[in-house]
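Structural description and commentary
Letter by letter, the chains look like this.
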Amino acid sequence: MPIYKILLLSFFLMASLIASIKAQDPVVAHRGAWKENNLPENSIASLTKALSLGCAGSEFDVRMTADSMLVVNHDPTYFGKDIEKVKYEDLKSDRLKNGEMIPTLEDYLLTGARMNHHTRLVIEIKPSEISKERGKWIAGEVIKLVDKLKVASKVDYISFDIDILKELIRVNPKVSTQYLNGELSPKELKEIGVSGLDYHYKVFYKNPKWIQEAKDLKMILNVWTVNNKKDLKFFLKHKFDYITTNEPSLLYAIIKKSEPKPKWKLVWNDEFDKDGLPDDAKWSYDVGGHGWGNNEKQYYLGHSIENSYIKDGRLYIVALNKTHEQLSYTSAKLTTHEKIELQYGKIEVSAKLPRGKGTWPAIWMLPETIKTNEESWPLCGEIDIMEHVGKDPNVVHTSLHSELYNHIKGNQLTFFNTLNDVFDQFHTYGIEWDENGIKFFIDGQLFFETYKGQRGSDTSNEGWPFDKPYFLILNLAIGGNWGGEIDPIIFPCEMIVDYVRVYKSNL
Ligand code: MG
């Protein structure tokens, strides 16, 4: 392996190791991470900031309008209007200081769930100002919405009203609940079925034995709202599961976690460090010259050392002006070995692309189900991490195809980006993929993001077939419907791949 790769890889492994022994993370941003950024409390912006800090949780307050819209706001009034007595429509004209409208709970939860496996969404259900009964009914509506949006695994419920928590537990005994009001002992809460206590910090100073009692009962220990260093240190020392604070960055600084933690763990890679044919334990070949549905002009050969080989730490995929079975060109199409299943995580391919009209290199993915004939294209789905056609130099494309949205219909999800030097420089083409969506990166910079349900309510396999095992494909096509006219001077031409790395989420 070349020395630069050893160094880079050591760095990644070290980073993974550091992440695996990461410090405790009890930081719950109270009403989002608003303070240091001068954002409105309980805004989508303050939630997004808490997510980007990687907080263990982000707390927010939920109320309901007269026409039963669940909204996120701390006070019972919003710009002087009594939330419970006006319609949602009547709240929309007044804006938070950053221009946002009062967030609906639905928007808040969807934002909080998207591409987020880490930060808990801590929902405080406020008691109703109208009646106790209405408060309980609101609790039921919140839980319904959480279930409908399929975010139940990411939420915790907190309330000052024990009857609201009792109602949540009645609907679903498995929900995670914490009580805020401070007068009940851990044992009393346990008997009701409440999962934890989230009390004002002075309650714990007054009843220090409750800390150990809660731990003995295996209850969640949370505390609000702790903002000064001395208090933060006290609750860190007592190893609270959560510390709810207006000062998340200060708390991270105290626990020496001001650096963002490494998110990813390397699980599979090929650094191409042994000269010769690609490693058969890692790669297979798609062989043939039938045009691959795109009228392509090359014949893909397997185990052909002139069409695919490793040299000096790099994989070369080479197209040649050489006749094979009536086709004028040979090339190679490598697929990850069948034992390598890719589903979710981060995939990065560092590559240099061929120059010239008629070239069509691609780094892309198809699901296992097309190999096994369980599904055909486009129902099966397709993830194009990078495509480039030589007639359109430096423009790299990224696309997703499905039964409902594909290039035959001309409505595939797609995006392109113009780079400077795809022929002379290696660029890293990658995705971060989870059950919520796919983000596309070039050289670590996000440039396109799409998520399940983005088009209408479409989350079916027909609209979002990206939740099954896929395999990776590296190939260099010649001509075809997109590659177009072939300039005879381009041969030989090659896509050079420096590495392929696959990571899983470390969180
Ligand atoms: Mg609150």
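Every chain is numbered independently, its residues counted from 1 as its sequence is written. Where local features are concerned, this predicted model is filtered to residues with pLDDT of at least 70; where side-chain atom pairs are given and counted, the filter is 80 or more; whole-chain, interface and lining totals use all residues. The side-chain quantities take in all heavy atoms of the structure and omit both hydrogens and water.

**Focus on the packing of aromatic side chains**
Each pair of aromatic rings is reported with the distance of its centres and the angle of its planes. Paired rings are identified among Phe, Tyr and Trp, the last through its six-membered ring, by centres lying within 6.5 Å, and are further divided according to the angle between planes into stacked (under 30 degrees), edge-to-face (over 60) and tilted (the rest). With the rule as written, the count across this model stands at 26 aromatic pairs. Aromatic pair Trp433 and Tyr470: ring centres 5.5 Å apart, planes at 85 degrees, arrangement edge-to-face. Of this pair, Trp433 sits in strand S24 (residues 427–434) while Tyr470 sits in strand S27 (residues 470–478), and the two are 37 residues apart along the sequence. Each member of the pair, Trp433 as well as Tyr470, is classed as buried. Sitting over a ring, as applied to charges here, requires NZ of Lys or CZ of Arg to be within 6 Å of the ring centre and within 35 degrees of the ring normal. A cation over a ring is seen here: Arg114 above Tyr451, with NZ or CZ 4.2 Å from the ring centre. Positioned above the aromatic ring of Tyr503 is the side chain of Lys346, whose terminal nitrogen or guanidinium carbon lies 4.9 Å from the ring centre. Numbering of helices and strands starts at the N terminus; helices are DSSP runs of H or I of at least 4 residues and strands are runs of E of at least 2. Only protein chains enter the accessibility calculation, which uses a 1.4 Å probe. A residue is then buried if its area is under 20% of the maximum for its type, exposed if over 50%, and partly exposed in between.

**Description of the pattern of salt bridges**
Should a side-chain nitrogen of Lys or Arg be within 4 Å of a carboxyl oxygen of Asp or Glu, the pair is scored as a salt bridge. Following the criterion strictly, the structure yields 28 salt bridges and no others. Taking the shortest distance from any N to any O, the salt bridge between Arg31 and Glu41 comes out at 2.6 Å. Of this pair, Arg31 sits in the loop between strand S1 (27–29) and helix H2 (44–53) while Glu41 is found in the loop between S1 and H2, placing the two residues 10 residues apart along the sequence. By relative accessible area, which is 31% here, Glu41 ends up partly exposed. As a salt-bridge pair, Glu106 and Lys148 come within 3.9 Å of each other at their nearest N and O atoms. In this pair, Glu106 sits in helix H4 (residues 105–113) while Lys148 sits in helix H5 (residues 132–148), placing the two residues 42 residues apart along the sequence. Classification of Lys148 as exposed rests on a relative accessible area of 57%.

**Here we look at the sheet that holds strand S23 (residues 413–418)**
DSSP bridges decide pairing: two strands pair if at least two such bridges lie between them. Pairing in this open sheet of 7 strands is antiparallel, and the strands run S13-S18-S27-S20-S21-S22-S23 from one edge to the other. At either margin of the open sheet sits one strand with a lone partner, and together these are strand S13 (283–285) and S23. Ignoring which end each strand starts from, the neighbouring axes of this sheet average 20 degrees apart. The pairing of strand S21 (residues 382–387) with strand S22 (residues 395–401) spans 4 bridges and is classified as antiparallel. Within the sheet, the bridge partner assigned to Glu387 lies in S22 and is His397. Axis definition: a line fitted to C-alpha atoms, limited for helices to the stretch in contact. Angles are taken between N-to-C directions and run from 0 to 180 degrees.

**What about the packing of H2 against H4?**
Viewed as axis vectors pointing N to C, H2 and H4 meet at an angle of 20 degrees, and their least axial separation amounts to 10 Å. In terms of orientation, H2 and H4 fall into the roughly parallel class. The two elements H2 and H4 cross, and the hand of that crossing is right-handed. For the pair formed by H2 and H4, the contact residues are Ile44, Ser46, Leu47, Thr48 and Leu51 on the first element and Asp107, Tyr108, Thr111 and Gly112 on the second. Roughly parallel covers angles under 35 degrees, roughly antiparallel covers those over 145, roughly perpendicular covers 65 to 115, and oblique covers all other angles. Here is the rule for handedness: rotate from the far helix to the near one, and if that takes an anticlockwise turn smaller than a right angle the crossing is left-handed, while a clockwise turn gives right-handed. Here, two residues are considered to be in contact whenever any of their heavy atoms come within 4.5 Å of each other.

**Points about the coordination of the magnesium ion**
Donor atoms from the polypeptide that coordinate the magnesium ion comprise Glu59 (OE), Asp61 (OD) and Glu124 (OE), at 2.0 to 2.1 Å from the metal. Here the coordinating atoms are restricted to nitrogen, oxygen and sulfur within 2.8 Å of the metal centre, or 3.2 Å for Na, K and Ca, and because water is not among them the sites may look incomplete. Mapping the donors of the magnesium ion onto the primary sequence gives the spacing E-x1-D-x62-E.

**Examining the layout of surface pockets**
Using a grid of 1 Å spacing that covers the protein atoms alone, one calls a set of points a cavity when a 1.4 Å probe fits there but cannot get out, and a pocket when the set is open and has protein on both sides within 12 Å along at least five of seven lines; lining residues are those with an atom within 4 Å of a point. Grid points are joined across faces, edges and corners, and a volume is the space filled by probe spheres set on the points. Of the pockets and cavities examined, the second largest pocket occupies roughly 740 Å³. As for the second largest pocket, its lining consists of 29 residues, of which Trp292, Asn294, Trp364, Glu382 and His407 are closest to the centre. Of all elements in the fold, only strand S20 (359–367), helix H12 (368–371), S21, S22, S27 and helix H13 (480–483) reach the threshold of two or more residues within the lining of the second largest pocket. When residues in the lining of the second largest pocket are grouped by element, the largest group, 4 residues, is from S20. Each residue belonging to the lining of the second largest pocket can be placed in one class, and the counts come to 12 nonpolar, 10 polar and 7 charged. Each residue receives one of three labels: charged for Asp, Glu, Lys and Arg, nonpolar for Ala, Val, Leu, Ile, Met, Phe, Trp, Tyr, Cys and Pro, and polar for the others, Gly being one of them.

**So, the nonpolar core**
Put simply, a nonpolar core is a bunch of buried Ala, Val, Leu, Ile, Met, Phe, Trp, Tyr and Cys residues held in one set by side-chain atoms that sit within 4.5 Å of each other. Grouped together as the largest cluster of nonpolar side chains are 59 residues, with contacts concentrated most on Leu109, Ile123, Val142 and Tyr157. Residue contributions to this core peak at 6 residues, all from H5. Setting aside chain neighbours within four positions, we find Leu109 in contact with Phe60, Leu121, Ile123, Leu145, Val146, Leu149, Val151 and Val155. In this structure, Trp268, Ala332, Leu342 and Leu413 belong to the second largest nonpolar core, which totals 51 residues.

Purely spatial values, then, with no claim about function.
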